[in-house]
Amino acid sequence: MELTLENYLAWMQDFAQKIADKKDYLSDLDSKIGDGDHGNNMARGLKAVSEALATKPADLTSALKVTAMALISKVGGAAGPLYGTAFLEMAKLSSKTVDLSELITAAAAGLQKRGGAQAGDKTMVDVWLPVRDNLKNSQLTSEKIEQAVNSTKQMEAKKGRASYLGERSVGHLDPGAVSSGYLFESMLQTGVI
Ligand code: ADP
Ligand code: MG
Ligand code: MG
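Just so it is clear, the model here is predicted, and its values are computed rather than measured.

So, the overall build of the chain
Helix and strand content of the chain: nine helices and zero strands. Its C-alpha atoms give the chain a radius of gyration of 15 Å, near enough to 16 Å, the size a compact globule of 193 residues would have. Taken over the C-alpha atoms alone, the chain extends approximately 45 × 35 × 25 Å along its principal axes. The 193 residues of the chain split such that 49% are buried. Taking contacts inside the chain between residues at least 6 apart in sequence as the whole, the part at least 24 apart equals 63%.

Considering the environment of Ala86
Checked against the element boundaries, Ala86 lands in helix α5 (residues 79–93). A C-alpha to C-alpha distance of 7.7 Å links Ala86 and Ala68, two positions 18 residues apart in sequence.

Thoughts on α5
The end-to-end C-alpha distance of α5, which contains 15 residues, comes to 21 Å, matching closely the 21 Å that a straight helix rising 1.5 Å per residue would cover. With eleven of 15 residues buried, α5 lies mostly within the body of the structure. Among the residues of α5, Ala79, Leu82, Tyr83, Gly84, Thr85, Ala86, Phe87, Leu88, Glu89, Met90 and Ala91 are the ones counted as buried. Residues of α5 that are buried make contact with α3 (38–53), α4 (60–74), α6 (100–115) and α9 (175–189).

Topic: the packing of α3 against α4
α4 packs onto α3 with a crossing angle of 150° between their chain directions and a minimal axis gap of 8 Å. With respect to the hand of their crossing, α3 and α4 are arranged in right-handed fashion. In this structure, α3 uses Arg44, Gly45, Ala48, Val49, Ala52 and Leu53 to contact α4, whose residues at the interface are Ala63, Val66, Thr67, Ala70, Leu71 and Lys74. Across the contact of α3 with α4, the residue classes break down as eight nonpolar, two polar and two charged.

Let's talk about the site of ligand 1
Residues in contact with ligand 1 amount to 23 residues; listed here are only the nearest, Gly77, Gly115, Thr123, Gly160 and Gly176. When contributions to the shell around ligand 1 are tallied by element, the ones reaching two or more residues are α3, α5 and α9. The dominant element in the shell around ligand 1, judged by the number of residues it contributes, is α9, at three residues.

A closer look at the UniProt feature "domain: DhaL" (unreviewed entry) in the chain
Mapped onto this structure's residue numbering, the UniProt feature "domain: DhaL" (unreviewed entry) falls at residues 6–189. Regarding residues 6–189, the helix share stands at 68% and the strand share at 0%, and the terminal C-alpha atoms are separated by 14 Å.

Examining the nonpolar core
Counting 55 residues, the largest nonpolar core has Phe15, Val49, Phe87, Met90, Ala107, Val127 and Val131 as the members making the most contacts within it. Among the elements that take part in this core, α5 stands out by supplying eight residues, more than any other. With residues near it in sequence (within four places) discarded, Val131 still touches Ile104, Leu140, Ile145, Ala148 and Phe184.

Here's the deal with unusual backbone geometry
The backbone of Lys56 sits at a positive phi, close to 55°, despite the residue not being glycine. In this structure, Lys56 sits in the loop between α3 and α4. Lys56 gets classed as exposed once you count the C-beta atoms within 10 Å, which come to 9. Positioned with a positive phi, Lys122 is a non-glycine residue whose angle comes to about 65°. Positionally, Lys122 belongs in the loop between α6 and α7 (125–136).

Quick word on the environment of Met187
Tracing the backbone through its elements, the reader meets Met187 in helix α9. Using a count of 25 C-beta atoms within 10 Å as the deciding quantity, one classes Met187 as buried. Separated by 103 residues in sequence, Met187 and Gly84 place their C-alpha atoms 17 Å apart. Those residues in contact with Met187 that lie beyond four places of it in its chain are Trp11, Val192 and Ile193.

Cut-offs used in this document
- Residues numbered from 1 in each chain as written.
- Chains lettered and ligands numbered in written order.
- Predicted model: local features only at pLDDT ≥ 70, side-chain atom pairs only at ≥ 80, totals over all residues.
- Helix = DSSP H or I, 4+ residues; strand = E, 2+ residues; numbered from the N terminus.
- Rg over C-alpha atoms; globule rule 2.2 N^0.38 Å.
- Buried ≥ 20, exposed ≤ 12 C-beta atoms within 10 Å, placed from the backbone.
- Contact = placed C-beta atoms within 7 Å.
- Expected span 1.5 Å × (residues − 1).
- Axes fitted to C-alpha atoms, helices over the stretch in contact; angles between N-to-C directions.
- Left-handed = near helix turned anticlockwise from the far one by under 90°.
- Nonpolar A, V, L, I, M, F, W, Y, C, P; charged D, E, K, R; others polar.
- Near = placed C-beta within 6 Å.
- UniProt positions renumbered as here; feature names shortened; annotations may be inferred.
- Core = buried A, V, L, I, M, F, W, Y, C linked by C-beta atoms within 7 Å.

Below, the structure is given as C-alpha cells:
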C-alpha cells in the first residue's frame, strides 16, 4: 500500500479516462442539484492533469504537486480548489511517507479544512471519509466505494450549491461524491492497493 511514481501515473491515467467517459453523466447529476457543470469542470481539469503528467515529473512529490496545480487552475467551481487541496496535502506529506493510508488521511483532512463539510453533508467528503477509514483497516473494496457514493442519495445537502435546494436535494446522488468514487475505483483497478 505504497504510492510510487509509477502506480500514481497509472492511477491518474485511468481516472482521467473515466472522467472523460462519464463527463455527461456527471454534468447531468449536477444539473439536478447544482448548475450542471461538474462533468465539464472535471473533464477539463483531468485533461490538464494528463498533459502535466505527460511531461514526466521527476518524482512522486512533483507529480502530486503538478496534479494539484492543474486541478486548482483548471477545474474551477467548488470542486477544483477542493480536489486541488487534497492532492497538495498528499504532495506535502509524500516527502515524509508514501503510505497510501496516511496520504489519503492527510488529503481528507485538507479537504474538510478547506470546505468545512462534515460526514452526512452530501458532498465528496462522504466518499473520502469511508475510503480513508477502510484503507486504514485494509478493507477497501469496490462495493464499499459504491456504498459510500450511493449513501449521498438520501442525504440533504448542507454545503455547496446543492444546499440551496434544502430538502429538495434529497433523492439525488451528489456529483462530487460520484467523481470521487471514480477516483478511488481507479485507485483499486490500477493496483495502487
Ligand atoms: P460548483 O458547485 O461550483 O459548480 P462543481 O459542480 O464542479 O462546482 O462541484 C460540485 C461538488 O463539489 C459537489 O457535488 C460536492 O461534492 C462538492 N462540494 C461543494 N462544496 C463542498 C464543500 N464545502 N466541501 C466538500 N465538497 C464540496
Ligand atoms: Mg456545478
Ligand atoms: Mg459551477
